[in-house]
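Results of the structural survey
Each chain is listed here by its residues.
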Amino acid sequence: MSSRDGLEAFVRDALEDAGAEVSEEDGVLWVHMPPGLATDLDAPGDLRITLDPEVAARTDAELLAPGSYLLERVLAFAIRRGRWDAARFEPPGEDWVGSSLAPVGLASARFIRESTESMWILLFPFRLILESDEKRESIHVLAVPADGSEAWEVPEPLAEAAHPAALWPSTGFELTSLYRAAGDALAARTAGLVESFRRESLARLEEEVRRILGYFDRTVAEIREADPSVADDVVRTIEGERDRRLVEALERHEPRVRAVLVGVRAVLALGVRGRLRLSRGRAVDVRIDAFTGRVRGVSCEGCGGKDPPWSLADPGRILCAACAATAAGSVRPRGGPPSDTPRRRRRPGPAGARSPRGSRAQSRSAPARGRTP
């Protein structure tokens, strides 16, 4: 498929998904749009478009080329509308359960499969926008199972990969609650990023305010030094300009955070229920889906966190990486017995044998002959 064919397929899908009627004849797309869509695209309700320059030259069809006004409007509309589809994921191999356990540190635990099922995973891609005197954007995709029990972030390429289409279930989903779960998970996972951006913005604001105050204070001081009789209204004018600059700096450096949902994707994947057998006879009930490989039901026994990787170094316990590192660092180093442990007595040697240390200690503790202690 050429880039022109891909662009035509994108435009056609975007318009049809928005309710337009699209047909093709001799390289020309005939488009009939509902009033709302025509308004969004700033275009007439009926138009003919083409992506072929030769066809545009011999007809009155509008050329839809990169950079053209209509194409930019279609792209902007598609971004605002987002992606809404359902797909089916097929596991790449039979041992996908083992492939899910190994990367998160649970390969040494014995998995006992109890049932196999199909499960829906909802993907919510968010565009996170951080703005102050500079702007940063990033995409974060949160996965939420249809039961809403948990939410976790997945790589964008995994969420955007092509898979066979699936039918949206007739019963639908509780999208409002699932969306809230995804939003809460996004806020928790990006809290550090947002706080770092806020600190950086406020630090730049502080520097800007210091520079403005220093500049205008020096200006007023120099004016009064040059002419002590300068009118107060001149100084007030300078101070008014200083205040205006401060207000502009506050508006420019104020950190603002927005998260915009850009689509929803439902993925039907194979899943299993089972138990992870740990040492000391303990077991944990888990669910694993083949699409994201998430092992649900596992939590850190130190802090309660649910994010891998996990550590099974402590027999019979599951710890996250941070708690495992803390536990390893707090282990008592090998050495002598504790101070409250009675010291072991020295075994007596052969008769007549003398210990140099013992004789030396005795000579220090016993009083010398002929002396009064």
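Residues numbered from 1 in each chain as written. Predicted model: local features only at pLDDT ≥ 70, side-chain atom pairs only at ≥ 80, totals over all residues. Heavy atoms only, no water.

1. Focus on the sheet that holds strand β2 (residues 28-32)
Within a sheet, neighbouring strands are paired by backbone hydrogen bonds and run either parallel or antiparallel to one another. Sheet architecture is open: four strands sit in the order β1-β2-β3-β4, paired in mixed fashion. With partners counted over all chains shown, the strands left at the sheet margins are β1 (21-25) and β4 (62-63), one partner each. Judged from the two bridges that link them, strand β3 (residues 46-50) and β4 form a sheet pairing that is parallel. When the bridges of β4 are listed, Ile49 appears paired with Glu62. (Pairing = 2+ DSSP bridges. Helix = DSSP H or I, 4+ residues; strand = E, 2+ residues; numbered from the N terminus.)

2. Some points on the side chain of Ser311
For Ser311, the location among the structural elements is in strand β13 (residues 310-311). By relative accessible area, which is 18% here, Ser311 ends up buried. Not counting the four nearest positions on each side in its chain, Ser311 is found in contact with Arg317, Ile318, Leu319 and Ala324. (Buried < 20%, exposed > 50% of the residue type's maximum accessible area, 1.4 Å probe, protein only. Contact = heavy atoms within 4.5 Å.)

3. Here we look at the nonpolar core
Counting residues in hydrophobic clusters, the biggest one holds 35 residues, and the most contacted among them are Leu123, Leu276 and Val295. If you list the elements that add at least two residues to this core, you get α5 (96-101), β6 (110-131), β7 (135-145), β8 (152-154), β10 (263-277), β11 (283-289), β14 (319-320) and α10 (321-329). Residues contacting Leu276, with those up to four places away along its chain left out, are Leu101, Leu106, Ala109, Arg110, Phe111, Arg282, Ala283, Val284, Val286, Val295 and Val298. By size, the runner-up hydrophobic cluster in this structure holds 21 residues, among which are Ala14, Val31, Leu37 and Leu71. (Core = buried A, V, L, I, M, F, W, Y, C linked by side-chain atoms within 4.5 Å.)

4. Focus on the packing of helix α8 (residues 191-226) against helix α9 (residues 232-253)
Across the interface, α8 lies against α9 with an axial gap of 10 Å and an inter-helix angle of 170°. By the angle class used here, α8 and α9 are roughly antiparallel. Across the contact of α8 with α9, the residue classes break down as 12 nonpolar, three polar and nine charged. (Axes fitted to C-alpha atoms, helices over the stretch in contact; angles between N-to-C directions. Parallel < 35°, antiparallel > 145°, perpendicular 65-115°, else oblique. Nonpolar A, V, L, I, M, F, W, Y, C, P; charged D, E, K, R; others polar.)

5. Examining the pattern of salt bridges
According to the stated counting rule, one finds 30 salt bridges in the structure shown. For Arg12, the salt bridge is made with Glu16, and the minimal N-O distance between the two is 3.4 Å. Of this pair, Arg12 and Glu16 are both found in helix α1 (residues 3-17), four residues apart, which corresponds to roughly one turn of the helix. Judged by its relative accessible area of 25%, Arg12 is partly exposed. A residue is classified by how much of its surface remains accessible, and Glu16, at 35% relative accessible area, is partly exposed. Note that Arg287 is salt-bridged to Asp147, the shortest N-O span being 3.1 Å. With Arg287 in strand β11 and Asp147 in the loop between β7 and β8, this pair connects stretches of sequence that are 140 residues apart. Classification of Asp147 by relative accessible area gives partly exposed; the value is 45%. (Salt bridge = Lys/Arg side-chain N within 4 Å of Asp/Glu carboxyl O.)

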